[in-house]
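For reference, the chains in residue letters:
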Amino acid sequence: MLIDRIFNGNDAVYGLTVQAVDGAIAQHGADKAVGFPHTAYCLPCYYAVTGVKVKTLGEMKEALGVVKTLMTREQQLDDALMSGVATALCAEFIEALKYLDGAEPYSEPCYGHLADSIIREMGVPLVTGDIPGVAVILGSAPTAKEGVDLIKSYQAQGILVTLVGGIINQAQELGLKMGYNVRIVPLGKDVTSVIHVVSVALRAALIFGNVTPGDAASLLTYTKDRVPAFVNAFKPVDDVILAAGAGAIKLGFPVITNEDENVEEVPGALIGCANVADFNKVSLEARNIKIKITKIDIPVAFASAFEGEIIRRKDMQVEFDGSRVDCAELVQTRDMSEVEDHKITVVGPEVDEMEFGSKNSIAYVVEVAGKKMQPDFEPVIERKFHNYINCIEGVYHTGQRDMQRIRISIEAFNAGFRIKHIGEVLYSQVKNEFAAVVDKCQVTIYTDPAECTRIRHEVAIPVFDKRDERLDNLTDESVDVYYSCILCQAFSPSHVCVVTPERLGLCGAVSWLDAKATNQLDPAGPCQVITKERPIDENLGSYEDVDEAVRKFSQGALEHVTLYSIMQDPMTSCGCFECICGIEPFSNGVVIANREYAGMTPLGMTFPEMASMTGGGVQTPGFMGHGKHFISSKKFMKAEGGIERIVWMPKELKETVAERLNKTAKELYGIDNFTDMVGDETIATDPEALVEFLTEKGHPALSMDPMM
Ligand code: SF4
Ligand code: NI
Ligand code: NI
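Residues numbered from 1 in each chain as written. Chains lettered and ligands numbered in written order. Predicted model: local features only at pLDDT ≥ 70, side-chain atom pairs only at ≥ 80, totals over all residues. Heavy atoms only, no water.

Structural notes on the overall build of the protein
Right, so step 1: Regarding its fold elements, the protein presents 21 helices and 23 strands.
Right, so step 2: Taken over C-alpha atoms, the radius of gyration comes to 27 Å for the protein, in line with the 27 Å a tight globule of 708 residues would show.
Right, so step 3: Principal-axis analysis of the C-alpha atoms places the extent of the protein at approximately 75 × 65 × 45 Å.
Right, so step 4: Burial statistics for the protein: of 708 residues in total, 58% are counted as buried.
Right, so step 5: Nonlocal contacts in the protein, meaning residues at least 24 apart in sequence, comprise 74% of its contacts between residues at least 6 apart.
Right, so step 6: When the accessible area of the protein is evaluated, it comes to approximately 28100 Å², of which 51% is carbon and sulfur surface.
Right, so step 7: Of note, the protein has its 65 positive side-chain charges centred 3 Å away from the centre of its 99 negative side-chain charges. (Helix = DSSP H or I, 4+ residues; strand = E, 2+ residues; numbered from the N terminus. Rg over C-alpha atoms; globule rule 2.2 N^0.38 Å. Buried < 20%, exposed > 50% of the residue type's maximum accessible area, 1.4 Å probe, protein only. Contact = heavy atoms within 4.5 Å. Areas by Shrake-Rupley, 256 points an atom, 1.4 Å probe, with all protein chains shown as cover. Lys, Arg positive; Asp, Glu negative; His and termini not counted. Charge placed at Lys NZ, Arg CZ, Asp CG, Glu CD.)

Okay, here's the thing in structure tokens:
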């Protein structure tokens, strides 16, 4: 019965797809290009499953023949599940046809196809458990309220929620704020749009997992073991939805449904649940997802899903702005006797006493004490404030140090949120996350303008200056140990980052100080000490100690890793790098692109295409993923001549790194305003024009030794 219904659904979708593809060929011809925007994987699902890139309508027609071979009709569960996969591939073809001719078939609030960059961005939050799972909600809930309650229950747990079909209308009806930034992503209203989340899961396997396209068995193992997704399907579940659900089950994603007619349960895979209010619990159990519970005594929600929430001017009660008035955020280490645990003090007016819509000063000083606390951890803790304050529903935070900006929304204010609650959040989170080093913590928040000026200029700035001095002096040579980071192994099983003072982790989120703190907080955790007592080649940055460590932490997958070379045994990439650099043969240099950059580079590749050259924990000489901060490091590709090799960067990235990069260029080579010699997309996106520009500027790379 169940099996027949899946076959039926599959046949129906297959028939529609054949019609659609034939129709499109009749209209546009077989040579017409097909593909999704902002991906290096053409039709990602079909490519992942078969290893073949479909680029034209004619090839799509051929691919339909391959799909047909998956549609066996034995009365076995596995035949039915493979028919589910076939259904998913058909859905991908139907969706791809919507994008013909560069069309933009989806509009607010729906997303449709998701770019490769979003998947890379999700890498770190997925491994840290910040995004503990991915929910796919399909169909219409019995009532809009039940649907929205379900969405919000996942959102409050940090789960990324994708929506397909009627649930989107229900969410709109109740005015739910949606968007990737609050982890609610409406995909589309047709059932075929569910493929866009499947596509994310399969690309994760290619990007992070080093799964070979076409190796369907490894692909399915990867999604089953490493992608914590599940489906909630509302009744009525027709044959087509059932066939799509079979595809999900084959990927290892359980389907939970309130449909009770004509659907037999498959233990652990197709699960009946009469009450929508129980979907959350049943789903998390079925997928074995554990939620970190943060219970903080404040009148609004606190969850990682709110981290990306933006408060617009018209929605804000008050704001604090370090770029206009005196502000600061600071952690200070104290003696045990000087700190009264959980003491929260507000010095100055509360939000009630501030004019509506006004710009105010704020400075918070978090004093911590603990036997294992070190001043080196102060900036590590401090940098987390951005994340903590942002996770408050209705509160928005950007910037750091004395340049932070905070907005409190009217809604949060009306719910009772006040300044003292910021103290409550800082206190709870610091105690939660830094329990191993912080025994006692107290928070003082100043809103009195004169006090803010005093704290900023007399207390905070001198501390920041001292820290900068320490960071400037923190070089690879000046420390005794480096650290490994294997956090990303959850998705990229053989990847190891070696983190040094001058080379931060490629995600940009783990500096040497962060790694050191992580090691102290959790000695058996992802960051381990790597000694550097047995150097092999200082110029390459190769050490016997480092080789031993990567061999051990990659379970033998890696033998040798150098710290300073892009050509010889370069460090591996997991996939969540901020930037990627690749060799540009005509100029003897390298091109760097950042994840945010959507355009073309002189390599003839976009960021996603460059990025697809490396990842999954394998070494790919000539391409290297890295953090933004690494660009101005004296150790950047030192073995190949260093930052002098940089010939092109997107304009925005260039501007971000200019000050520090120019300083390094001056120090190392005596070059003034080096970034003026570096091309960008407003100057050239093809190699000939780039070389012309570099020649005119006398760029040093042109006269350096060839890299290959
Ligand atoms: Fe992943 Fe490397 Fe960042 Fe660690 S430092 S989280 S392994 S990218
Ligand atoms: Ni001032
Ligand atoms: Ni990663």
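A closer look at the pattern of salt bridges
Right, so step 1: What the rule picks out here adds up to 43 salt bridges.
Right, so step 2: The partner of Arg-401 in a salt bridge is Asp-468, and the shortest N-O contact between them spans 3.0 Å. Of the two residues, Arg-401 sits in the loop between strand 12 (395-398) and strand 13 (405-409) while Asp-468 sits in helix 16 (residues 449-473), which places them 67 residues apart along the sequence.
Right, so step 3: Of the residues examined, Arg-401 reaches a relative accessible area of 23% and is grouped as partly exposed.
Right, so step 4: Where Lys-666 meets Asp-672, a salt bridge forms, and the shortest distance between an N and an O atom there is 3.1 Å. (Salt bridge = Lys/Arg side-chain N within 4 Å of Asp/Glu carboxyl O.)

Observations regarding helix 3 (residues 57-70)
Right, so step 1: Look at helix 3: 20 Å from first C-alpha to last across 14 residues, which is about the 20 Å you get at 1.5 Å a residue.
Right, so step 2: Buried residues of helix 3: Leu-57, Gly-58, Met-60, Ala-63, Leu-64 and Val-67, and no others.
Right, so step 3: In this fold, the buried residues of helix 3 make contact with helix 1 (2-28), helix 2 (44-50) and helix 4 (77-98). (Expected span 1.5 Å × (residues − 1).)

Quick notes on the site of ligand 1
Right, so step 1: Every residue lining ligand 1 is accounted for by Cys-485, Leu-487, Cys-488, His-495, Cys-497, Gly-505, Leu-506, Cys-507, Val-510, Cys-574 and Cys-576.
Right, so step 2: In terms of residue class, the shell around ligand 1 is built from 9 nonpolar, 2 polar and no charged. (Near = heavy atom within 4 Å. Nonpolar A, V, L, I, M, F, W, Y, C, P; charged D, E, K, R; others polar.)

Description of empty space enclosed by the protein
Right, so step 1: One pass over the structure, following the stated rule, counts 2 cavities of 30 Å³ or more.
Right, so step 2: One number sums up the size of the largest cavity: a volume of about 130 Å³.
Right, so step 3: As for the largest cavity, its lining consists of 16 residues, and the residues nearest its centre are Leu-242, Gly-245, Ala-246, Ile-249 and Leu-270.
Right, so step 4: For the lining of the largest cavity, the elements supplying multiple residues, two or more each, are helix 1, helix 4, helix 10 (239-250) and strand 5 (255-257).
Right, so step 5: Grouping the amino acids of the lining of the largest cavity by side-chain chemistry returns 14 nonpolar, 2 polar and no charged.
Right, so step 6: When residues of the lining of the largest cavity are sorted by domain, at least three fall in each of domain 1 (2-102) and domain 2 (116-287). (1 Å grid on protein atoms, 1.4 Å probe; cavity = no way out; pocket = protein on both sides within 12 Å on 5 of 7 lines; lining within 4 Å. Points joined across faces, edges and corners; volume = space filled by probe spheres on them. Domains from an automatic or database assignment.)

Comments concerning the pairing of strand 1 (residues 134-138)
Here is the key point about a regular strand: its side chains alternate between the two faces of the sheet.
Right, so step 1: Among the 5 residues that make up strand 1, 5 are buried, leaving the element largely enclosed by the rest of the structure.
Right, so step 2: Here strand 1 shows two buried faces, one formed by Val-134, Val-136 and Leu-138 and the other by Ala-135 and Ile-137.
Right, so step 3: Bridge count between strand 1 and strand 2 (residues 160-164): 5 bridges; the pairing is parallel. In the sheet register, Ala-135 faces strand 2, and the bridge partner there is Val-161.
Right, so step 4: Regarding topology, helix 6 (residues 144-155) serves as the crossover connection from strand 1 to the parallel strand 2, and that connection is right-handed.
Right, so step 5: Inspection of the sheet shows strand 1 paired to strand 4 (residues 229-233) by 5 bridges, in the parallel sense. Bridge assignment links Leu-138 to a residue of strand 4, and that residue is Ala-233. (Pairing = 2+ DSSP bridges. Right-handed = clockwise from strand over helix to strand, strands pointing away.)

A few points about the coordination of the nickel ion (ligand 2)
When four donors bind a metal tetrahedrally, each ideal donor-metal-donor angle is 109.5 degrees, and when six bind octahedrally, the ideal angles are 90 or 180 degrees.
Right, so step 1: Coordination sphere of the nickel ion (ligand 2), protein contribution only: Asp-326 (OD), Asp-326 (OD) and His-457 (NE2), at 2.3 to 2.7 Å. A residue pair is termed long-range when its members are at least 10 positions apart, and Asp-326 in the loop between strand 7 (316-321) and strand 8 (327-333) and His-457 in helix 16 qualify at 131 residues.
Right, so step 2: The buried category is assigned to Asp-326, whose relative accessible area is 16%.
Right, so step 3: The exposure class of His-457 is partly exposed, given its relative accessible area of 43%. (Donors = N, O, S within 2.8 Å, 3.2 Å for Na, K, Ca; no water.)

Observations concerning the UniProt feature "domain: Carbon monoxide dehydrogenase subunit alpha ,N-terminal" (unreviewed entry) in the protein
Right, so step 1: Mapped onto the present numbering, the UniProt feature "domain: Carbon monoxide dehydrogenase subunit alpha ,N-terminal" (unreviewed entry) falls on residues 20-100.
Right, so step 2: Spanning residues 20-100, this segment combines 64% helix with 0% strand, and its end C-alpha atoms are found 12 Å apart. (UniProt positions renumbered as here; feature names shortened; annotations may be inferred.)

Structural notes on the packing of aromatic side chains
Right, so step 1: Per the stated rule, a full pass over the model turns up 14 aromatic pairs.
Right, so step 2: Between the aromatic rings of Tyr-46 and Phe-93, the centroid separation amounts to 5.6 Å while the plane-to-plane angle is 55°, which identifies the pairing as tilted. Placement of Tyr-46 in helix 2 and of Phe-93 in helix 4 is noted, with a sequence separation of 47 residues between them. Each member of the pair Tyr-46 and Phe-93 is classed as buried.
Right, so step 3: Between the aromatic rings of Tyr-364 and Phe-385, the centroid separation amounts to 6.2 Å while the plane-to-plane angle is 55°, which identifies the pairing as tilted. (Phe/Tyr/Trp six-rings, centres within 6.5 Å; stacked < 30°, edge-to-face > 60°.)

Brief notes about the sheet that holds strand 20 (residues 579-584)
Right, so step 1: The 4 strands are arranged 22-20-21-23 in an open sheet whose pairing can be described as mixed. Pairing within the sheet leaves two strands with one partner each, and these edge strands are strand 22 (623-626) and strand 23 (646-648). Between one strand axis and the next, the sheet turns by 35° as a mean value, whatever way the strands run.
Right, so step 2: With 2 bridges joining them, strand 21 (residues 589-594) and strand 23 adopt parallel strand pairing. Counted as the bridge partner of Val-590 is Ile-646 from strand 23. (Axes fitted to C-alpha atoms, helices over the stretch in contact; angles between N-to-C directions.)

Digging into the packing of helix 1 against helix 3
Right, so step 1: In the contact formed by helix 1 and helix 3, the axes pass within 10 Å of each other and the chain directions differ by 160°. On the basis of their axis angle, the class for helix 1 and helix 3 is roughly antiparallel. Read as a crossing pair, helix 1 and helix 3 show a hand that is left-handed. Residues Tyr-14, Thr-17, Val-18, Val-21, Asp-22, Ala-24, Ile-25 and His-28 of helix 1 form the contact with helix 3, whose participating residues are Leu-57, Gly-58, Met-60, Lys-61, Leu-64, Gly-65, Val-67 and Lys-68.
Right, so step 2: The residue inventory of the contact of helix 1 with helix 3, partitioned by class, reads 9 nonpolar, 4 polar and 3 charged. (Parallel < 35°, antiparallel > 145°, perpendicular 65-115°, else oblique. Left-handed = near helix turned anticlockwise from the far one by under 90°.)

Some words on the environment of Val-164
Right, so step 1: Relative to the helices and strands, Val-164 is located in strand 2.
Right, so step 2: Spatially, the C-alpha atoms of Val-164 and Pro-349 are 46 Å apart, while their sequence positions differ by 185 residues.
Right, so step 3: If we skip the residues at most four places from it in the chain, Val-164 touches Ile-137, Leu-138, Gly-139, Leu-187, Gly-188, Asp-190, Val-191, Ser-193 and Val-194.

So, unusual backbone geometry
Right, so step 1: Pro-109 follows Glu-108 through a cis peptide bond whose omega is -5°.
Right, so step 2: Structurally, Pro-109 is set in the loop between helix 4 and helix 5 (116-128).
Right, so step 3: In this model, Lys-235 is joined to Pro-236 through a cis peptide bond whose omega is 0°.
Right, so step 4: The topology assignment puts Pro-236 in the loop between strand 4 and helix 10.
Right, so step 5: Unlike most non-glycine residues, Asp-101 shows phi in positive territory, near 65°.
Right, so step 6: Checked against the element boundaries, Asp-101 lands in the loop between helix 4 and helix 5.

Things to note about the packing of helix 8 (residues 195-207) against helix 9 (residues 216-226)
Right, so step 1: The geometry of helix 8 relative to helix 9 is characterised by a closest axis approach of 10 Å and an angle of 110° between their N-to-C directions. Between helix 8 and helix 9, the angle is such that the two are roughly perpendicular. Only Leu-219, Tyr-222 and Thr-223 of helix 9 make contact with helix 8, whose side of the interface consists of Ala-201, Leu-202, Ala-204 and Ala-205.
Right, so step 2: The residue makeup of the contact of helix 8 with helix 9, split by class, is 6 nonpolar, 1 polar and no charged.

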